[in-house]
Structure formats: structure tokens, C-alpha cells
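# Examining the three-dimensional arrangement
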Amino acid sequence: MSAASHVNDLHYLRRCLELAGQAAVQGEVPVGAVLVHNGRILAEAMNQSVQLHDPTAHAEIQCLRAASASRRNHRLPGTTLYTSLEPCLMCAGALLHARVDRLVYSAVEPRGGIASSVPELLKSMRHIHTVEVDNGLLAAESAHLLHTFFRSRRG
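Residues numbered from 1 in each chain as written. Predicted model: local features only at pLDDT ≥ 70, side-chain atom pairs only at ≥ 80, totals over all residues. Heavy atoms only, no water.

For the chain, the count of helices and strands is six helices and five strands. Each helix (α) and strand (β) of the chain, taken in turn from the N terminus, gives the series α-β-β-α-α-β-α-β-α-β-α. Relative to its full complement of 155 residues, the chain shows a buried share of 45%. Contacts in the chain between residues far apart in sequence, at least 24 positions, make up 56% of those at least 6 positions apart. Counting only carbon and sulfur atoms, one obtains 56% of the accessible surface of the chain, whose full area is about 8,000 Å². (Helix = DSSP H or I, 4+ residues; strand = E, 2+ residues; numbered from the N terminus. Buried < 20%, exposed > 50% of the residue type's maximum accessible area, 1.4 Å probe, protein only. Contact = heavy atoms within 4.5 Å. Areas by Shrake-Rupley, 256 points an atom, 1.4 Å probe, with all protein chains shown as cover.)

The subject of this paragraph is the sheet that holds strand β1 (residues 32-37). If you walk across this open sheet you meet the five strands as β2-β1-β3-β4-β5, and the pairing is mixed. Whereas interior strands pair on both sides, the edge strands pair on one side only; in this sheet they are β2 (40-46) and β5 (132-135). Neighbour-to-neighbour, the strand axes of this sheet turn through a mean angle of 15°, independent of strand direction. As paired elements, strand β4 (residues 102-107) and β5 share four bridges and run parallel to each other. If you follow Y105 over to β5, its bridge partner there is N135. The sheet strands contacting helix α3 (residues 59-71) are β1, β2 and β3 (79-85), and the helix crosses β2 at an angle near 140°. Each of β3 and β4 touches helix α6 (residues 139-154); the most contacted strand, β4, lies at about 60° to it. (Pairing = 2+ DSSP bridges. Axes fitted to C-alpha atoms, helices over the stretch in contact; angles between N-to-C directions.)

This paragraph deals with the environment of I41. The topology assignment puts I41 in strand β2. A relative accessible area of 36% places I41 in the partly exposed class. Residue contacts for I41: discarding those within four places in its chain leaves Y12, V34, L35 and V36.

The terminal C-alpha atoms of α3 lie 18 Å apart, and with 13 residues this matches the ideal 18 Å at 1.5 Å per residue to within 8%. Those residues of α3 lying buried are A59, E60, I61, Q62, C63, L64, A67 and S68. Contacts from the buried residues of α3 go to β1, β2, α2 (49-52), β3 and α4 (89-98). Looking one or two residues past α3, R72 carries a phi angle of roughly 55°, positive in sign. (Expected span 1.5 Å × (residues − 1).)

A separate point is the packing of α3 against α4. Running from N to C, α3 and α4 cross one another at 25°; their axes reach a closest spacing of 9 Å. Taken together, the axis directions place α3 and α4 in an arrangement best described as roughly parallel. For α3 against α4, the interelement crossing comes out left-handed. Of the residues in α4, those touching α3 at E60, I61 and L64 are M90, C91, A94, L95 and A98. Along the lines of polarity and charge, the residues of the contact of α3 with α4 split into seven nonpolar, no polar and one charged. (Parallel < 35°, antiparallel > 145°, perpendicular 65-115°, else oblique. Left-handed = near helix turned anticlockwise from the far one by under 90°. Nonpolar A, V, L, I, M, F, W, Y, C, P; charged D, E, K, R; others polar.)

Below, the discussion takes up the pairing of β4. If a strand is regular, its side chains alternate between the two faces of the sheet. Of all the six residues making up β4, six are buried; the element is thus mostly covered by neighbouring parts of the structure. As a crossover connection, the stretch from β3 through α4 into β4 is right-handed. (Right-handed = clockwise from strand over helix to strand, strands pointing away.)

Disulfides are covalent bonds that connect the sulfur atoms of two cysteines. For the structure shown, the criterion picks out zero disulfides. Between C16, a cysteine without a disulfide, and C63, which holds the nearest cysteine sulfur, the sulfur-to-sulfur distance is 7.8 Å. C16 gets classed as buried once you look at its relative accessible area, which sits at 0%. The thiol of C88 is unpaired, and the distance to the nearest cysteine sulfur, on C91, comes to 3.7 Å. (Disulfide = S-S within 2.5 Å.)

See below:
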């Protein structure tokens, strides 16, 4: 990864953490996502499953929906999705269908995440499309936000 790419990744992941913080304030699991194309943010979102009474309203899905609607296209080639938490199976499937080129996430989700837990899903040559995956930047910050949120819920 180049130094410029690293700086850009940090910039967008910081925005994901801001969105995740907003989600936590609203009682949602603190996850934020940003979709970027050629250095321009196409969409950003946070988890909204509780507010919308929708189990599919994860930050990544909401972000892909917004970008697809604004581009009037269900395909999003040449894009990078940044998210504060490793995506689940549903979100990973959406990345493949949308033809997102790259995924960058902060914290690993060992129980429900798929990018590092089951990396062959996004990189499998059995699919029409593959997604490049990078992770670990701002992982401690994201994990701290999640731990704090769940600790406050448990009382």
C-alpha cells in the first residue's frame, strides 16, 4: 500500500468512526460506512436496523443503496467501501453484487465477520467479481467504540 493510499484510508476510516459514534448515540450498533470513487465520497451511512425496523439496514447496505440510487446504477465498479467493522455475510454478498473493487475495514468481527474469517468468499475465483480486502487501520479505536457501546447496554 502506498503512503498516499494509507493517508486516504485513514481519512475515510475516521469518517466511518464519526458515523459509528452517531449511530451509538441513536442506540444503534456503532458501525459507519463510506463509499468512495476517485477520491470523492459517493455515499456514507451508519447502522439503522433498530430505527428502521429492518435487519438489512446495516451501514454497508445503506451506503450501497444510497450510492446506487444517486448513480442510478446497481453496479458500483471502481469504488472502495470503508467501514468501521468487518462486514457480515449479507454485506459481503452485496459488495460482490455491486462490483465494489475494494473493502477497507477497521475492527475484526470474529463471530459474524467474513472478510478475514472467511476471506475466500470475497476473493474466490468462483464468483464473477472479487474484492480486494485491507484491514486493521484504526482497529483499536473501532473496537473501543463497540466495547463501550455493548458494555453500556449490559448495564
